Structures are given as structure tokens and as C-alpha cells.
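Overview (structure and organization)
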Amino acid sequence: MMTTDSPHGDSRVDRPPVLEPPPGSRGTRIGFFAGTALATVSAALFIVSGFAILSGGSGVAQPVATILGGAGVLGAGVLTFRSAHNTRISAERTAAEQLTHAATELEHAKSVAADEKARHEKQFEEQRQQSELSRAEQTKTDERNHHREVIRDLRSRYTTCAEQLAHESAAIRLAGVYALASLADDWQQQNDRNEKQVAIDLLRAYLRTPNTHTPELIAAMLPDTGELEVRKTILLALHNRSAEETSDPKSWKGFDCTISRADLSNLNLTSSDIPGAFLRSVNLSGAILTGANLTSANLGGADLVSADLTWVNLSGAKLFHADLTGAILVDADLSSANLTRADFSGAHLSGANLTSANLTSANLLDAVMFTVNLSGANLSSGKLSGADLSDANLSGANLTGAKLSGADLGSVNLTAATLVDADLTNADLTEANLTNANLHAANLAGAKIERANLSHIYWSALTVWPDEFSPPASRDRP
């Protein structure tokens, strides 16, 4: 069948085929005319033979008529055979031609069907692709809208948190702390480090605000326990979150969580585990740090006036320029700590471990340091006037230029200590052990050195001894 496009060009419509005469029809017509002529001749012969028989005019008429009649019958037979043969051949040719024509039409129909199928498939594929593009674009639009909604919600939460931190109720402020920590974690989920740092910075900034009390609490000389809990929660959140591994979704490692110039006065951090904490220049005056772990912490310039540091672990910590006036450091571990220019005046350091600590230019005036362990410590240029160091262990300590006038050094262990240029005027060295000590240019005027062990000491002409005291012979110069 033939096909053609519609006037609109968007589909193809089948057109009925024009039937043409089969190619063998001409031969059939020729055979028909030949058969007709042969039949006519045979009929004529038959009629003539009949006429001859009927006339009976001569003696040969009968044989001639018989022959002519036979020829007519034979012609009729030949005619019949020829006609049947031609009919069969014509039928076969017609059938073959029709079959060929049908096959051609079938192939054409298949081709049309295949074209139509391909057209529909192409159209379907184009529609599918367009649909996918539309869905993808819609998905992107939805995601952008959702992201904008999330960001808007997070920023709204930040405003709410800030309002909570400024609330007069300590309970609401504490809720604001937890909400702000959660907000920082949610910013992490959005992969927005800047906004997360903003949330963390608000917590850090809160600690820098003055730790004020209500007039009633001030009059009663009582701390605001609710506010102290808020500040403690912030401090521990900043420290603990920054110490967690980055694989933890709540980790703040890699963000600035340092705490400096914060007001943590009167905070109760008993037994808190905050090793390596960064607490530069913080105010911890009056704070309770009993049994706390602050190993390797940075407390440089910190205010620890009257703080309770009993049993605290500050080994390896940095406390240079820290103010520990009147602080309680009984049995505290300050081994290898950097205490350069730290102020311990009036502090209670009994039983403290200060082995290998750096106390260069430290102020220990009137400090109570009996049974303190200062072996290997550097106390050069330190001020220990009036300090109570009775029974303290200062073996191997460097006390070059130390101010120990009036200090109680009774029964102190100063074995192999360096006391070059040390001021020991009026110090009490009763029963002190100064074996192998270096007393070059030390001033012991007015010092009490009864029963002190001065064996193998080194002293020089610049060494000043108490009046009427005869020192033992000096060992060789070290």
C-alpha cells in the first residue's frame, strides 16, 4: 500500500493501491483469440463434413466427410487441451504475480510500520528526555527552595539563641547555650564552616562578658550559681567539642574554640578533665579547681587569686605571669611547669610537686612551701623572702640571685643547689642540708645555720657569712 503525509505533516495515512493488470494478461488474451479461431475452423470442418454426408453426391463424399469430421474432432480436442493448458499457465502466472505483488505490498507495509514505530519511539524518547529535564529542573528548584528555607530557619534560630543568652533567667540562658551548640552542629551539616564559627564565637564572646551578680547576691556575698553553671557549660562544651575527632559529627576540631580574657571567676571546676585547655589571661579568681586535670594547659597571665587548686594537676602547664596570690596549691602537681614571673605571694604550696619547674623571677614572698618538692627547679632571681620552705626539697635547684631573706628553710634539702648571689639574710637554715651546694657570693648575714650540713660546699671570698661563724673549708670551684 502507498502512504502519504497528511496535509499537516504530522502523520501518514494509507492510500488504497491502484490495481494494474497483471503482466501475463496479454498472453492470455492472445491465447484466447487463437483458441477462438481454431474452434471456428473446427466447427466449419464439421459442418462441411455433415453437409457432404447429407448430399451423398459422389462416392468420395463419405470418406471425405469422415476425414473432415475427424479433423474437426481432433481440432476440438487440441483446442480443449490448448485452452486448458493456457488457462493453467495463466492461472499460475497470475498467482505468482499476485504473490509477488502481495509480498511487495507486505514489505512496503512493514517498512511503513517500521518507520511509524521509529517515529513514535523517537517522539516518545524526546518526550521522556524532556520530562526528565523538567523533573531535574524542578528538583533543583525544590532543592534551592529547601536550602533557602533551611538557611532562613538556621539564621532565625541564631537570633533566638542570642535572645536566650541575654535573658535574665539563668535557666533560659543555659537552654540558649545548648541550642547554640546544636545550631553549630546543624551548620556543619550544611557544610558552612563560617556560620558554624559564628555560632561558636557567640559562646566565646559570652564568656568575655563580666560575671555580674544581682544586688541581693552581692549583699549576701554569694555567687550567682545559675550564671556559674551557664559559664561552666560553655567552657566544657568548647573544650570537649574541640578535642573530639573530626569523624564525630559533633566535633569542633579545627575551629577556634580558644578561651581568652574570659570571666570564669568563682567557677566550680572540681575534678574537671580539661587537659591542654587554652585559658590565656582568663579570670579564675576564687575558682574551685580541686583535683582538676589541667596538664599542659595554657594559663599564661591568668588571674588565679585565692583560687583553690588543691590536688590540681598542672604538670607541664604554662603559668607565666599568672597571678596566684593567696591561692591554695596544697599537694598540687606543678612539675615541669613554666612559672616564670608568676606571683605566688602568700600562696599555700605545702606538699606541692615543683620538680624541674621554671620559677625564674617568680614571686614567692611569704608563700607557705613546707615539704614542697623543688628538686631540679629553676628559682633564679626568684623572690622567696619570708617564704616557709621548711622540710622542702630543693636538691639541685637553681636559686641563683633568689631572694630568700627571712625565709624559713629549716630542715630544707638544698643538696647540690645553686645559691650563687642568693639573698639568704636572716633566713632560717636550721638543720638544712646544703651538701655540695654552691654559695658563691651568697649573702647569709644574720642567717641561722645551726646544725646545718655544709659538707663539700663551695664558697668564695664574696660569700657573706653570719657574724662570728667559721665556715668549713670550701671545696674546689665547681
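Here's what I pulled together on the structure shown here. Everything quoted here is computed from the prediction, not taken from an experiment.

A short note on helix α6 (residues 225-243)
- With 19 residues, α6 should cover 27 Å at 1.5 Å per step; its first-to-last C-alpha distance of 27 Å lies within 8% of that length.
- Among the residues of α6, Glu-227, Leu-228, Val-230, Arg-231, Thr-233, Ile-234, Leu-235, Ala-237, Leu-238, His-239 and Arg-241 are the ones counted as buried.
- Where the residues of α6 are buried, they touch α3 (170-189) and α4 (193-208).

As for the side chain of His-239
- Looking at the secondary structure, you find His-239 in helix α6.
- His-239 has contacts with Asp-273, Ile-274, Pro-275, Gly-276 and Ala-277, leaving out every residue within four places of it along the chain.

Points about the packing of α3 against α6
- Relative orientation of the contacting elements α3 and α6 amounts to 15°, with a least axis distance of 8 Å. In terms of orientation, α3 lies roughly parallel with respect to α6. Between α3 and α6 lies a crossing of right-handed hand. Residues Ala-170, Arg-173, Leu-174, Val-177, Tyr-178, Ala-181 and Asp-185 of α3 lie in contact with α6, whose contacting residues are Gly-226, Glu-227, Glu-229, Val-230, Thr-233, Ile-234 and Arg-241.

Concerning the pattern of salt bridges
- Under the counting rule described, the total for this entry stands at 16 salt bridges.
- Its salt-bridge partner being Glu-125, residue Arg-128 comes within 2.3 Å of it at the nearest N-O pair. Placement of both Arg-128 and Glu-125 in helix α2 (residues 61-165) is noted, with a separation of 3 residues, approximately one turn of the helix.
- Take Arg-128: its relative accessible area is 31%, and that puts it in the partly exposed class.
- When the shortest N-O distance is used, the salt bridge between Arg-155 and Glu-195 registers 3.3 Å. Taken together, the residues span a long stretch of sequence, with Arg-155 in helix α2 and Glu-195 in helix α4 at a distance of 40 residues.
- Residues joined by salt bridges that share partners form a network here, namely Glu-125, Arg-128 and Glu-132.

With respect to the environment of Pro-472
- Within the secondary structure, Pro-472 sits in the segment after α6.
- Considering only alpha carbons, one finds Pro-472 and His-456, 16 residues apart in sequence, at a separation of 8.4 Å.

Structural notes on the side chain of Asn-363
- With respect to the element layout, Asn-363 can be found in the segment after α6.
- On the basis of relative accessible area, Asn-363 is assigned to the buried category, the value being 16%.
- Among the polar contacts made by the side chain of Asn-363, one reaches the main-chain amide nitrogen of Leu-365 at a distance of 3.1 Å.

Overview of the nonpolar core
- If you look at the biggest cluster of nonpolar residues, it comprises 103 residues, and the most contacted ones within it are Met-369, Leu-389 and Leu-434.
- Secondary-structure elements contributing two or more residues to this core are α2, α3, α4 and α6.
- With residues near it in sequence (within four places) discarded, Leu-434 still touches Leu-414, Leu-419, Leu-429, Leu-439, Ala-452, Asn-453, Leu-454, Ser-455 and Ile-457.

Some remarks on unusual backbone geometry
- Despite not being glycine, Ser-306 has its phi angle at roughly 60°, a positive value.
- Checked against the element boundaries, Ser-306 lands in the segment after α6.
- Given a relative accessible area of 46%, Ser-306 falls into the partly exposed group.
- Of note, the phi angle at Asp-421 is positive, near 60°, even though the residue is not glycine.
- On the secondary structure map, Asp-421 appears in the segment after α6.

Side note on the packing of α3 against α4
- Taken N-terminus to C-terminus, the directions of α3 and α4 make an angle of 155°; their axes are 7 Å apart at the nearest point. Taken together, the axes of α3 and α4 are roughly antiparallel relative to one another. Where α3 crosses over α4, the handedness of that crossing is left-handed. Facing Arg-173, Val-177, Leu-180, Ala-184, Trp-187 and Gln-188 of α3, the residues of α4 in contact are Glu-195, Lys-196, Ala-199, Ile-200, Leu-202, Leu-203 and Tyr-206.
- When the residues that make up the contact of α3 with α4 are grouped by side-chain class, the tally is 9 nonpolar, 1 polar and 3 charged.

How each quantity is defined
Residues numbered from 1 in each chain as written. Predicted model: local features only at pLDDT ≥ 70, side-chain atom pairs only at ≥ 80, totals over all residues. Heavy atoms only, no water. Helix = DSSP H or I, 4+ residues; strand = E, 2+ residues; numbered from the N terminus. Expected span 1.5 Å × (residues − 1). Buried < 20%, exposed > 50% of the residue type's maximum accessible area, 1.4 Å probe, protein only. Contact = heavy atoms within 4.5 Å. Axes fitted to C-alpha atoms, helices over the stretch in contact; angles between N-to-C directions. Parallel < 35°, antiparallel > 145°, perpendicular 65-115°, else oblique. Left-handed = near helix turned anticlockwise from the far one by under 90°. Salt bridge = Lys/Arg side-chain N within 4 Å of Asp/Glu carboxyl O. Polar contact = N/O pair within 3.5 Å; in protein donor to acceptor, adjacent residues only side chain to side chain. Core = buried A, V, L, I, M, F, W, Y, C linked by side-chain atoms within 4.5 Å. Nonpolar A, V, L, I, M, F, W, Y, C, P; charged D, E, K, R; others polar.

Without other data, these values stay purely geometric and don't point to any function.
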